[in-house]
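# Descriptive analysis of the structure
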Amino acid sequence: NNSVSRWAIHYYTGAKLALEKWKNKGVSFESFVWDSGPDTVSLQKRVLDDNRFLDVPLIIGPYHRDNIKYLANYAKKSGVLLFSPFSAAQNLTEDNPFFYQVNPNIETQISAIVDHVNQYARSEDILILQKDSDAKLNELFLSSFLSKGIKEGEAFPKTLLLSTNVNTWVNTLVPELQKREKLVIILSSHSDEVFLNNLLQELNRESFDKKEIIVYGLSPWLNLEKVDFQLLDILNFHVSSPYFINNENSEVGEFQQSFYQELGVFPQPEAFQAFDLVNLLF
């Protein structure tokens, strides 16, 4: 009963349903499933020492980043196709035509957000907020704005590094919010849920003045458990996500039913991703 095991079971079940679909169509293939474990020692013992592994031409997995890095080098040397279903590590795809990342890395997500923001707002309307310990994310956003070009006469979006002490926000955050008629907020932080809830509450107070407000966040927001999603709705929250599941689609409904019959629970997003990737590869 932990998040990684749940992820693995849902992903495996989605992949299994796709494999069974192609088997029922008369396609002949052989598949193996290994539990690669949490580290490279487990990977070596459970997977690489299995003689069957040497004959596998295509691999989906593993989950953990260290194991992905290890197998990416193996794929490059051996010519085996490797698809990383979850981890998105920097620079692993460079000079490695045998390695593919299904999820976009953080730079790709940030670039997508900046593209969307640039269609909607001027740079003086944009405020980038993050916890003071997340300065690296701030640098990635500013680099992305720079690479896409700032319009003539415009300055860079304003950035605020905020402490967890909300009492300090009176002198830092509040004046910046009050002087803007239109607020486009980018929240680059995503790990401290108490900090994020306090920040959303502060932004919500500004929405009482009927200001036009829109908030952007990164995909880890989708996994947060303590954030008030009613607040996100009020603040016109946008999140960059590598997938979209349309529950109105009949094929989605069929997949959910098949998955429920197989596992007794409804599929999480990773189950859809596995089903889609296996079908794409076939």
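Scroll up for the structure.
For the structure given in this document, a descriptive report is provided here. Predicted model, so just to flag it, every value in this text is computed and none were measured. (Residues numbered from 1 in each chain as written. Predicted model: local features only at pLDDT ≥ 70, side-chain atom pairs only at ≥ 80, totals over all residues. Heavy atoms only, no water.)

### Looking at the overall build of the protein
- Scanning the protein for helices and strands turns up ten helices and eight strands.
- For the protein, the C-alpha atoms occupy an extent of roughly 65 × 40 × 35 Å along the three principal directions.
- Scored against the burial criterion, the 282 residues of the protein give a buried share of 41%.
- Expressed as a percentage of contacts within the protein between residues at least 6 apart in sequence, the contacts between residues at least 24 apart total 61%.
- About 16,100 Å² of surface is accessible on the protein, with carbon and sulfur atoms providing 49% of the total.
- Looking at the protein, you have 25 positive and 36 negative side-chain charges, and the mean spots of the two groups are 2 Å apart. (Helix = DSSP H or I, 4+ residues; strand = E, 2+ residues; numbered from the N terminus. Buried < 20%, exposed > 50% of the residue type's maximum accessible area, 1.4 Å probe, protein only. Contact = heavy atoms within 4.5 Å. Areas by Shrake-Rupley, 256 points an atom, 1.4 Å probe, with all protein chains shown as cover. Lys, Arg positive; Asp, Glu negative; His and termini not counted. Charge placed at Lys NZ, Arg CZ, Asp CG, Glu CD.)

### Some thoughts on the packing of helix H4 (residues 106–120) against helix H5 (residues 135–148)
- Interhelical geometry of H4 versus H5 gives an angle of 55° and a closest axis separation of 9 Å. If you check the angle between H4 and H5, you find them oblique. Handedness of the H4/H5 crossing: right-handed. Judged by residue contacts, Ile106, Glu107, Ile110, Ser111, Ile113, Val114, Asp115, Val117 and Asn118 of H4 engage Leu137, Leu140, Phe141, Ser144, Phe145 and Lys148 from H5.
- In the contact of H4 with H5, the residues fall into nine nonpolar, three polar and three charged. (Axes fitted to C-alpha atoms, helices over the stretch in contact; angles between N-to-C directions. Parallel < 35°, antiparallel > 145°, perpendicular 65-115°, else oblique. Left-handed = near helix turned anticlockwise from the far one by under 90°. Nonpolar A, V, L, I, M, F, W, Y, C, P; charged D, E, K, R; others polar.)

### As for the sheet that holds strand S3 (residues 99–101)
- Pairing in this open sheet of three strands is parallel, and the strands run S1-S2-S3 from one edge to the other. Each edge of the sheet is formed by a strand with only one pairing partner; in this case those strands are strand S1 (58–60) and S3. For this sheet, the mean angle separating the axes of adjacent strands, direction not counted, is 15°.
- This element, helix H10 (residues 269–281), spans S1 and strand S2 (81–84) of the sheet and lies at about 165° to S1. (Pairing = 2+ DSSP bridges.)

### Re the environment of valine 102
- For valine 102, the position within the fold is in the loop between S3 and H4.
- Classification of valine 102 by relative accessible area gives partly exposed; the value is 32%.
- Considering only alpha carbons, one finds valine 102 and serine 87, 15 residues apart in sequence, at a separation of 8.4 Å.
- Not counting residues up to four positions away in its chain, the partners in contact with valine 102 are Ser84, Pro85 and Leu277.

### So, the sheet that holds strand S6 (residues 182–187)
- As summarised here, the arrangement of the five strands in space is S5-S4-S6-S7-S8, forming an open sheet in which the pairing is parallel. The outermost strands of the open sheet, each flanked by one partner alone, are strand S5 (158–162) and strand S8 (237–239). For this sheet the average axis-to-axis angle between neighbouring strands, irrespective of direction, equals 25°.
- Sheet topology places strand S7 (residues 212–217) next to S8; three bridges connect them, and they run parallel. Bridge pairing in S8 places valine 215 opposite phenylalanine 237.

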